[in-house]
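A structural walkthrough
Each chain, letter by letter, is given below.
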Amino acid sequence: MTTTIAKLADHVGKEATIQGWMYNKRGNGKLYFLQLRDGSGTTQGVVVAAEVDKETAENAEKLTAESSVKVTGTVNKHPKQEGVYELQVTKIEIVQLCTEEYPIAKKDHGIDFLLDHRHLWLRSSRQWAIQRVRNTIINATFEYLNQEGFIKIDAPILTPNACEGTTELFEIDYFEENKAYLTQSGQLYIEAAIFSVGKCFDFGPVFRAEKSKTRRHLTEFWMMDAEAAFADHEDNMKTQEGLICHIVEKVLEKNMAELKILERNTEPLTKVKAPFIRKTHEEVVKELREMGSDIGEMDDLGGDDETNYTKKFDKPIFVEKYPSPVKAFYMKRDPKDPRRVLCSDLLAPEGYGEIIGGSQREDDYDTLLQRIKDHNLPLDAFQWYLDLRRFGSVPHSGFGYGLERIVTWICGLEHVRESIPFPRTIYRLTP
Ligand code: 4AD
Ligand code: MG
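All residue numbers here refer to positions counted from 1 along the written sequence of the relevant chain. Labels are handed out in written order, letters beginning with A for the chains and numbers beginning with 1 for the ligands. Predicted model: local features are reported for residues with pLDDT of at least 70 only, side-chain atom pairs are reported and counted for 80 or more only, and whole-chain, interface and lining totals are derived from all residues. The basis for every side-chain value is the complete set of heavy atoms in the structure, and neither hydrogens nor water enter the calculation.

As for the packing of aromatic side chains
What counts as a ring pair is set by centres within 6.5 Å for rings of Phe, Tyr and Trp (its six-membered ring), and what kind of pair is set by the plane angle: stacked under 30 degrees, edge-to-face over 60, tilted for all other angles. In this structure the tally under the stated criterion is 13 aromatic pairs. Ring centres of tyrosine 174 and phenylalanine 175 lie 4.9 Å apart, and the angle between their planes is 65°; this geometry places the pair in the edge-to-face category. Arranged with centres 5.3 Å apart and planes meeting at 75°, the rings of phenylalanine 329 and phenylalanine 382 form a pair that is edge-to-face. Of this pair, phenylalanine 329 sits in the loop between strand 14 (317-320) and strand 15 (333-334) while phenylalanine 382 sits in the loop between helix 11 (365-374) and helix 12 (383-390), and the two are 53 residues apart along the sequence. Each residue gets one of three labels from its accessible area relative to the maximum for its type: buried under 20%, exposed over 50%, partly exposed in between, using a 1.4 Å probe on protein chains only. Residue classification places phenylalanine 329 among the buried residues on the basis of a relative accessible area of 0%. Assessed through its relative accessible area of 1%, phenylalanine 382 is described here as buried. These aromatic residues form a ring-pair network of at least three members: Tyr189, Phe329, Tyr330, Phe382, Trp384 and Tyr385. The helix count covers DSSP runs of H or I at least four residues long, the strand count covers runs of E at least two residues long, and both are numbered beginning at the N terminus.

Points about the pattern of salt bridges
When the charged atoms of two side chains lie near each other, side chains of opposite charge can form a pair. The salt bridge criterion pairs a side-chain nitrogen of Lys or Arg with a carboxyl oxygen of Asp or Glu, the two atoms within 4 Å. Enumeration over the complete set of coordinates arrives at 28 salt bridges. Note that lysine 179 and glutamate 171 form a salt bridge whose closest N and O atoms lie 3.6 Å from each other. Among the ionic pairs, glutamate 191 bridges to arginine 389, the shortest N-O distance being 2.8 Å. In this pair, glutamate 191 is assigned in helix 5 (residues 187-197) and arginine 389 in helix 12, connecting sequence segments 198 residues apart. Judged on exposure class, the residue glutamate 191 and its partner arginine 389 are both buried. Among the charged side chains, a salt-bridge network with shared partners connects Arg37, Glu66 and Arg123.

Re the sheet that holds strand 12 (residues 220-229)
Strands pair, by our definition, only if DSSP identifies at least two bridges between them. Read across the open sheet, the 8 strands follow the order 7-11-12-19-18-17-14-13; overall the sheet is mixed. Edge positions in the sheet fall to strand 7 (151-152) and strand 13 (277-280), since each of these pairs with one other strand and no more. Where strand 14 lies against strand 17 (residues 343-348), 4 bridges are found, and the strand directions are antiparallel. In the sheet register, isoleucine 317 faces strand 17, and the bridge partner there is leucine 347. Whether two residues are in contact is decided by their heavy atoms: any pair within 4.5 Å suffices. Axes here refer to lines fitted to C-alpha atoms; in helices the fit is confined to the stretch in contact. Angles between the N-to-C directions go from 0 to 180 degrees. Strands strand 12, strand 13, strand 14, strand 17, strand 18 (353-360) and strand 19 (396-402) of the sheet are contacted by helix 6 (residues 233-254), whose axis makes an angle of about 30° with strand 19. Together, strand 13 and strand 14 form the strand contacts of helix 9 (residues 281-290), whose direction differs from that of strand 13 by roughly 85°.

Encoded structure:
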């Protein structure tokens with residue numbers, strides 16, 4: 001019967017057919033070892049030419065890398081390797097024979113070549129493993145938030161103005177004489193939705209036209225924004241902590257094989273348990289200066305600062321209460337120090353840096369109005385947002401995570417571009 005490689009264990013001693021691709025072959029004439037993959041996993045097919053029909057023996061001989069096949073055989077447990085199953089092949093049906101040489105051969109290719117061939121590179125075992133971990137992270141996010149009473153609310157992608165009030169937006173023509181912008185975060189919209197549903201989250205692609213060329217920046221990436229009514233800065237951090245612990249736990253439960261392919265040291269991941277480390281921006285700046293950084297007291301943390309600082313830890317670190325001028329207009333001032341805001345950035349350890357940004361929101365109408373004016377934002381465009389503070393305003397908080405930053409950290413990747421199926425950066429829009 002037709003099954004998948006992941007389910008071969010259910011067919012030991014019996015005949016099974018798998019459908020997939022041959023990615024490698026050894027042997028000649030009498031004996032062939034076919035390395036097969038079908039999306040669910042990989043296996044080896046052993047072909048003894050003298051024991052199969054003529055057509056199958058010929059097919060084994062002519063099969064080329066990445067040809068698509070249906071392979072039938074008896075399922076055997078690997079004599080030495082636990083959990084590994086092989087096929088003693090009885091029949092090979094070729095679905096499509098590749099007649100040209102596969103562009104991504106085994107030899108080392110440069111990163112640009114691989115990215116130009118991303119549509120093919122995705123098939124490699126490393127990329128397969130990363131996408132599977134990414135899938136677990138997405139599912140674990142939905143699972144945790146639903147369990148905590150957050151419901152999914154979809155925010156729009158086409159927006160009339162900036163959420164954060166920056167100029168780093170992709171602008172498009174919107175019919176005659178109008179402009180629209182691709183969203184950079186659904187936050188403001190899900191803030192509106194909490195007045196209907198209490199707690200909610202969005203999850204979708206966001207776009208940033210910033211000219212950052214770092215290993216942490218994409219121009220299109222996937223963000224999850226969560227928001228809750230009657231939640232303060234402390235509640236907000238609790239939710240983030242719970243969410244990240246749940247995600248890491250699920251990956252360790254479901255993706256040990258993938259992490260092994262990625263050669264990820266899982267030791268630090270097992271330490272991702274609540275409570276996370278908590279530092280104020282003031283403390284972090286002080287420590288960074290002692291480490292030799294020239295960061296100013298009221299400066300934002302730079303990429304290098306985040307890298308150097310987080311290398312010291314194997315648990316995520318909340319950095320709280322940044323100076324107000326380096327953060328967005330909607331963040332609520334700290335009543336104990338109005339130069340700072342009730343915000344937190346969650347930094348991943350091992351040098352990875354920011355994975356989440358969040359804050360308590362300004363809920364007072366007059367203060368928010370003043371903040372919008374101070375930031376020179378177009379008042380007209382924010383009237384609907386101000387309405388939220390006119391009609392039943394409540395203390396509320398939320399945060400947004402960058403999916404690719406989390407995948408990069410958990411998979412132990414060097415660069416964010418491998419964490420998304422088709423990366424978009426300032427230099428790359430293809431394939
Ligand atoms: O810190 P950011 O800019 O926060 C917001 O957009 C808020 N509106 C979120 C909220 O409070 N609901 O972005 C959130 C996260 C960052 O912490 C980071 O993980 C990721 O998005 N991120 C990027 N990921 C990849 N490429 C980029 N250019 C990114 N910019 C931010
Ligand atoms: Mg941020």
